[in-house]
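Chain and residue survey
So the chains spell out like this:
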Amino acid sequence: MTTVDTREANSLNDEGDPFGVSRAERLSALAQRHGALVTLVVVAVAASVGFDTFATGDNVANMAVSSAFLAVVALGMTFVIITGGIDLSVGSLFALGGVLAAWGSRYGTAVALLLPLAVCGLIGLVNGLLIARARLAPFIVTLAAMLLARGVLLSVTDEGANTYLVDGTSFFARLGQDTLFGIGLPVWITAALFVLGAVVLRRSRFGQYVYAVGGNEDAAALMGAPVARTKIAVYTLSGLCAGLAGALNAAWLVSGVTILGTGMELEAISAVVIGGTLLTGGFGFISGSLVGVLLLKVIQNVINQIGSLDSAYQQVVSGAFLAVVVIAQTWLGRRRRML
């Protein structure tokens, strides 16, 4: 008589899939994880066929560089959202970081980089302390920080009347304008940051704490995870990323433009969610956020390629796409719980 190992039998479900994971569950997980990537490929291929200027080297290079700054902001936002939080201050911190970097560039590259990192990181740290220690709502705290950062920006620039310029021959300006193998340095810096972020999130103990806090904060605390320290760290990281992105943008534009950053927090949140990270926390990945950023930029570029459409359609399409993604995520999440 043929015998079957009990452990092996218990590890199979009714469809014969290992570890009790059905084919439907795997397909739902794949759709949630890689749906944005598939959409990006389809849109990019269609745009390449439909527009002669889309796949040119200059257009791709410009899209890559312009995507880099939003991607750095989205990197920090990914950590925040995985913990179940939100950061509405990153747009103002991005603009403030650019102005501080341009102002500090007269004193050298070190000041141009460290000043925005210090100020924006400090604001992120205060956000984290108020959220983690005082247990205030992230929405309210970061909204207040957004207004604070914008106020500091206006104060530094005399209500926007002063625009600080960067010496185009300085090493700081070269960080934003030089290329390596035909690709802008901001793109290489962003790529390195994403690799580092992915390693930290997936391979480090801190990354495990981030997922644990977002999945179930009370359970994470019972398991010994430093919940408060983790929250403080992710909001500080978000502030640092926004400040660095602003500094790189100032180096690219060779000036600290005061009107930048408006609405960037919504773009960053959209990119992270489109990339598969759940707004409820506990699930997400760095690569998905990068794909989300690229998808938003490709859609914007396609609308610009059409020419007959107003730029406002970029926001309409982005908003509609985000709504579809959130609905799909909710449906897939419910389906996976039911299976």
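Refer to the structure printed above.
Residues numbered from 1 in each chain as written. Predicted model: local features only at pLDDT ≥ 70, side-chain atom pairs only at ≥ 80, totals over all residues. Heavy atoms only, no water.

Regarding the overall build of the protein
We count it as follows: Strands here are runs of E lasting at least two residues and helices are runs of H or I lasting at least four, both read from the DSSP assignment and numbered beginning at the N terminus. For every residue, the accessible area (1.4 Å probe, protein chains only) is compared with the maximum for its type, and the residue is labelled buried under 20%, exposed over 50%, or partly exposed between those bounds. Contacts are assigned to residue pairs that have any heavy atoms within 4.5 Å of one another.
When its secondary structure is counted, the protein shows 14 helices and two strands. Among the 339 residues that make up the protein, the fraction classed as buried is 45%. A separation of at least 24 residues holds for 74% of the contacts in the protein among residues at least 6 apart in sequence.

Here we look at the nonpolar core
Short version of the rule: Working definition of a nonpolar core: buried Ala, Val, Leu, Ile, Met, Phe, Trp, Tyr and Cys residues. They are joined through side-chain atoms within 4.5 Å.
Residues Val 73, Met 77, Phe 79, Phe 172, Leu 201 and Ile 269 are the most contacted members of the largest nonpolar core, which totals 75 residues. Sort the elements by how many residues they give to this core and helix H3 (residues 57-82) lands first, with 14 residues.

Observations concerning the packing of H3 against helix H12 (residues 264-274)
As a reminder, the rule being used: Axis lines are fitted through C-alpha atoms, for helices just across the contact stretch, and the angle between N-to-C directions can take any value from 0 to 180 degrees. Comment on the angle field: the value is read as roughly parallel under 35 degrees, roughly antiparallel over 145, roughly perpendicular from 65 to 115, and oblique elsewhere. Two helices cross in a left-handed way if the nearer one is turned anticlockwise from the farther one by less than a right angle. They cross in a right-handed way if the turn is clockwise. Under this grouping Gly is polar, as are all residues other than the nonpolar Ala, Val, Leu, Ile, Met, Phe, Trp, Tyr, Cys and Pro and the charged Asp, Glu, Lys and Arg.
With their axes 9 Å apart at the nearest point, H3 and H12 run at an angle of 65° to one another. As the angle between them shows, H3 and H12 are arranged roughly perpendicular. The handedness of the crossing between H3 and H12 is right-handed. Side by side, H3 and H12 meet where Leu 70, Val 73, Ala 74, Met 77, Thr 78 and Ile 81 of the first sit next to Met 264, Glu 265, Glu 267, Ala 268, Ile 269 and Val 272 of the second. Partitioned by chemical class, the residues of the contact of H3 with H12 number nine nonpolar, one polar and two charged.

Focus: the side chain of Ser 89
Among the structural elements, Ser 89 can be located in the loop between H3 and helix H4 (90-104). Its relative accessible area of 0% is what places Ser 89 among the buried residues. If sequence neighbours within four positions are ignored, Ser 89 has contacts with Asn 127, Thr 142, Ala 145 and Met 146.

Quick word on the pattern of salt bridges
For clarity, the cut-off: Counted as salt bridges are all cases of a side-chain nitrogen of Lys or Arg within 4 Å of a carboxyl oxygen of Asp or Glu.
This structure, assessed with the given rule, holds two salt bridges. For Asp 178, the salt bridge goes to Arg 174, with nearest N and O atoms at 3.0 Å. By relative accessible area, Asp 178 is classed as partly exposed at 27%. In this structure, the salt-bridge partner of Lys 231 is Glu 217, at a minimum N-O distance of 2.9 Å. Here Lys 231, found in helix H11 (residues 227-253), pairs with Glu 217, found in helix H10 (residues 217-222); they are 14 residues apart in sequence, far enough to count as distant. The buried category is assigned to Lys 231, whose relative accessible area is 15%.

Describing helix H6 (residues 138-156)
Our working definition: Expected helix span is computed as 1.5 Å times (number of residues minus one). Picture the helix axis, draw a direction to every C-beta atom, and the arc is the one those directions span.
With 19 residues, H6 ought to run about 27 Å at 1.5 Å a step, and its terminal C-alpha atoms sit 26 Å apart, in line with that. Within the span of H6, buried status applies to Val 141, Thr 142, Ala 145, Met 146, Ala 149 and Leu 153. The arc that holds every buried residue of H6, seen down its axis, measures 140°, which confines them to one face. Among the exposed residues of H6, those pointing more than 90 degrees away from its buried face are Ile 140, Leu 147, Leu 148 and Ser 155. Its buried side turned inward, H6 meets H4, helix H5 (109-132), H11 and H12. Directly beyond the C-terminal end of H6, a positive phi value near 55° is found at Asp 158.

Some points on the environment of Gly 197
For Gly 197, the position within the fold is in helix H8 (residues 185-203). We classify Gly 197 as buried; its relative accessible area is 7%. Sequence separation between Gly 197 and Phe 285 is 88 residues; the distance between their C-alpha atoms is 9.5 Å. Discounting chain neighbours no more than four positions away, the residues touching Gly 197 are Leu 75, Phe 79 and Ile 286.

Considering a nonpolar patch on the surface
Here is the rule we go by: Residues with no salt bridge and a relative accessible area higher than 30% make up the patches, which join like charges within 9 Å and nonpolar side chains (Val, Leu, Ile, Met, Phe, Trp, Tyr) within 5 Å. Per-residue and other accessible areas follow the Shrake-Rupley method at a 1.4 Å probe size, with only the shown protein chains counted as cover for residues.
Side chains of Leu 122, Leu 125, Val 126, Leu 129, Leu 130 and Leu 136 sit close together on the surface and give an oily, nonpolar patch of about 460 Å² of accessible area. Relative to the elements of secondary structure, Leu 130 occurs in helix H5.

Points about the environment of Tyr 235
Inspection of the secondary structure puts Tyr 235 in helix H11. Once the C-alpha coordinates of Tyr 235 and Ile 131 are considered, the two residues, 104 residues apart in sequence, prove to be 9.1 Å apart. Residues contacting Tyr 235, with those up to four places away along its chain left out, are Val 80, Gly 85, Ile 86, Asp 87, Gly 124, Asn 127, Gly 128, Ile 131, Pro 138 and Thr 142.

Considerations on unusual backbone geometry
With a phi close to 55°, Asp 158 is a non-glycine residue in the positive phi region. Relative to the helices and strands, Asp 158 is located in the loop between H6 and helix H7 (171-177). Overall, Asp 158 belongs to the partly exposed group, its relative accessible area being 48%. With a phi close to 55°, Phe 181 is a non-glycine residue in the positive phi region. Mapped onto the fold, Phe 181 is located in the loop between strand S1 (179-180) and strand S2 (183-184).

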